[in-house]
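Fold and geometry: a report
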2 protein chains.
Amino acid sequence: MQEMIRVAVDAMGGDHAPEEIVKGAVEAVGLSRDIKVFLVGKKELVEEKLKAYSYGEGQIEVVEATEVIETAEPPVAAIRKKKDSSIVVGLKLVKEGKADAFVSAGSSGAVLVGGQLLVGRIKGVERPPLAPLIPTEKGVALLIDCGANVDARASHLVQFAKMGSIYMEHVVGVPNPKVAIVNIGAEEEKGNALVKETFPLLKECGDINFIGSIEAREIPHGQADVIVCEAFVGNVILKLYEGVGAVLVSKIKDGMKASFRSKLGGLLVKPALKETLKSFDATEYGGAPLLGLNGLVVKTHGSSKAQEVRNSILQCVTFKEQHINDKIKENIIREEG
Amino acid sequence: MQEMIRVAVDAMGGDHAPEEIVKGAVEAVGLSRDIKVFLVGKKELVEEKLKAYSYGEGQIEVVEATEVIETAEPPVAAIRKKKDSSIVVGLKLVKEGKADAFVSAGSSGAVLVGGQLLVGRIKGVERPPLAPLIPTEKGVALLIDCGANVDARASHLVQFAKMGSIYMEHVVGVPNPKVAIVNIGAEEEKGNALVKETFPLLKECGDINFIGSIEAREIPHGQADVIVCEAFVGNVILKLYEGVGAVLVSKIKDGMKASFRSKLGGLLVKPALKETLKSFDATEYGGAPLLGLNGLVVKTHGSSKAQEVRNSILQCVTFKEQHINDKIKENIIREEG
């Protein structure tokens with residue numbers, strides 16, 4: 001018999017909690033007998049929603065957490081104060097080995113801080129990066145790091161490159177992923193102090209497919225699969241993707257209202273346009289893993305519906321089945337030894 | 001009689017040199033008797049192109065420069081070696097006070113390096129920033145700094161904010177421009193070490209309208225008029241704007257080819273779409289000034305045609321008429337005194 005994979009899910013986090021979270025969990029366990037989900041949140045409320053569905057016996061268990069951390073709360077204080085919040089209780093299930101992973105659509109800050117404080121890092125990992133998938137012309141790329149810890153050192157970026165490479169190959173399924181470092185020119189001598197220090201270290205890494213620098217212009221074209229950068233820059237890239245996309249789409253919609261001719265045309269292209277824009281929406285690619293922890297923590301977008309919740313749970317299953325953390329451990333230990 | 005404004009123009013720089021550069025210069029001098037353009041480049045070639053046009057007597061003068069710096073050449077070496085290149089000769093006209101400004105669509109690196117080495121900084125200016133205008137939902141914003149000097153200090157960013165504010169108000173014509181610093185959250189305590197150090201200094205500046213942090217997501221929405229950041233981040237923002245825009249547009253075009261219905265609609269919306277996309281193309285806003293020099297140096301996009309060249313020349317005229325450098329000097333000296 002295959003090993004059961006246990007995923008704790010924050011039933012109270014995100015704009016559509018608990019309805020869509022519960023629905024996503026039911027959909028996920030419906031896909032395999034080997035998945036168990038702990039729905040963490042206000043028991044009465046969650047059980048009420050759960051009643052509407054049927055699912056494999058014992059595949060879903062509700063775990064009581066009486067508090068909820070709001071998005072606006074300062075993360076560190078919230079994690080310390082709200083010990084019975086769905087995020088703290090869920091993360092503790094991972095820490096205690098009762099769950100393999102934790103998925104939340106709640107407060108990003110609290111998930112990031114809590115993941116580091118409560119679950120803890122893999123020995124040898126200096127800093128756990130948050131690594132969302134972003135859309136490109138060719139598919140997706142892993143942008144690592146977009147977390148909350150800025151001013152990284154070169155050794156951190158080298159670990160990001162390795163962890164990102166393992167994740168992209170074994171979870172997303174891109175063989176021999178191309179790794180690049182964000183830079184302001186293609187030449188090796190270009191860059192700021194951090195990039196100049198990191199570049200030769202990445203070049204020396206035997207275990208990644210390092211292709212050199214990538215300029216921001218090339219990122220959406222899909223020239224690399226793993227995009228390594230320090231968190232401040234990663235954050236700017238992730239958010240500008242969203243911002244430029246949103247404004248361009250709204251401008252295009254306005255433009256289509258400009259004349260009768262374009263209005264008519266707009267009606268005709270609407271379905272195709274919607275499909276296209278969806279494929280290029282950074283929020284569509286669900287969960288961003290916080291890598292390098294003793295367990296997996298996945299932050300899904302606050303606007304996640306059942307589909308993204310289900311996909312994030314399945315992502316945790318692949319992560320566990322592919323023994324990603326064992327691969328990270330081997331890689332980091334080999335490096336240190 | 002009004003003072004003549006003299007602009008040196010690199011006749012050899014960019015993808016459409018010399019034809020479009022010459023055309024743009026003729027268009028510019030056609031708009032005012034008070035503009036004089038020095039077309040710097042291979043005399044025979046430029047004069048050949050110039051023969052096709054008529055223009056005010058003495059308003060255009062061809063200045064011989066026998067060499068051309070190619071985009072691929074390492075900038076510092078090129079500036080040192082090619083002393084008779086159009087960029088070096090043009091910049092020297094500014095240094096010697098024979099021209100008020102220099103416009104080039106040639107090698108960015110060479111223009112940036114040459115501007116600093118040959119024209120020199122205004123006394124008190126620590127570092128000259130390159131400040132392109134980027135499109136937003138509401139119009140344009142000045143992104144300062146996108147230059148080649150990375151790893152800035154807080155005092156540099158404060159000067160960028162001041163110079164950008166003066167430029168945006170008096171050249172672009174935005175009264176009391178809103179100044180923001182690029183950050184990864186809206187709260188004052190967020191950010192990397194540089195932003196945390198700079199934020200309180202900007203808050204103390206009495207002469208700018210500082211509105212606080214701006215997240216990259218908000219930049220395209222036009223929340224601020226002057227976007228202050230260190231050059232590495234500015235470069236990432238500028239280039240990602242281009243990249244996301246280009247890929248999104250190509251995806252939309254592909255999407256419109258998906259079915260007969262969408263093909264027909266695509267034909268109908270094409271003119272409106274083209275207009276919309278043009279208004280959101282970062283390359284459409286012509287020249288990026290290199291501020292803080294003894295004179296003005298403007299870098300226009302390599303793909304510039306006559307219209308952008310003309311606009312860049314007119315930008316130099318406004319810069320001179322509005323006494324921007326006197327305003328910068330006053331501002332910097334007041335600060336230092």
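You'll find the structure just up there.
Throughout what follows, the structure given in this document is the object of discussion. It should be emphasised that the depicted structure is a prediction, and the values quoted were computed from it without experimental measurement.

Within chain A one finds 11 helices and 11 strands. Relative to the globule expectation of 20 Å for 337 residues, the C-alpha radius of gyration of chain A, 21 Å, shows essentially globular dimensions. With the principal axes as the frame, chain A shows a C-alpha extent of 70 × 60 × 40 Å. With 337 residues in all, chain A has 58% of them scored as buried. Summarising the internal contacts of chain A: among those between residues at least 6 apart in sequence, 72% fall at separations of at least 24.

Below, the discussion takes up the environment of Tyr 53 of chain B. Residues and elements named next belong to chain B. You can see Tyr 53 is positioned in the loop between helix 2 (43-50) and strand 3 (60-64). The class for Tyr 53 is partly exposed, based on a relative accessible area of 30%. C-alpha of Tyr 53 to C-alpha of Pro 135: the two residues are 82 residues apart in sequence and 33 Å apart in space. Setting aside its immediate chain neighbours within four residues, Tyr 53 contacts Val 22, Lys 23 and Val 26.

Attention shifts here to the sheet that holds strand 7 (residues 178-183) of chain B. All names here are of chain B. Across the sheet, five strands lie side by side as 5-6-9-7-8; this open sheet has mixed pairing. Edge positions in the open sheet fall to strand 5 (133-136) and strand 8 (209-215), since each of these has one partner strand only. Pairwise comparison of adjacent strand axes, ignoring direction, gives a mean angle of 30° for this sheet. Taken together, the three bridges between strand 6 (residues 139-144) and strand 9 (residues 226-228) define a ladder with parallel strand orientation. Looking across to strand 9, one finds that Ile 144 is bridged to Val 228.

All names here are of chain A. A surface patch of like charges, here positive, comprises Lys 253, Lys 257, Lys 270, Lys 274 and Lys 278. Ranked by residues supplied to the positive patch, first place goes to helix 9 (residues 260-279) with three residues. For Lys 278, the position within the fold is in helix 9.

Here is what the cut-offs are and how they apply
- Residues numbered from 1 in each chain as written.
- Chains lettered and ligands numbered in written order.
- Predicted model: local features only at pLDDT ≥ 70, side-chain atom pairs only at ≥ 80, totals over all residues.
- Heavy atoms only, no water.
- Helix = DSSP H or I, 4+ residues; strand = E, 2+ residues; numbered from the N terminus.
- Rg over C-alpha atoms; globule rule 2.2 N^0.38 Å.
- Buried < 20%, exposed > 50% of the residue type's maximum accessible area, 1.4 Å probe, protein only.
- Contact = heavy atoms within 4.5 Å.
- Pairing = 2+ DSSP bridges.
- Axes fitted to C-alpha atoms, helices over the stretch in contact; angles between N-to-C directions.
- Patch = residues over 30% accessible without salt bridge, like charges linked within 9 Å, V, L, I, M, F, W, Y side chains within 5 Å.
- Areas by Shrake-Rupley, 256 points an atom, 1.4 Å probe, with all protein chains shown as cover.
- Salt bridge = Lys/Arg side-chain N within 4 Å of Asp/Glu carboxyl O.
- Lys, Arg positive; Asp, Glu negative; His and termini not counted.
- Charge placed at Lys NZ, Arg CZ, Asp CG, Glu CD.

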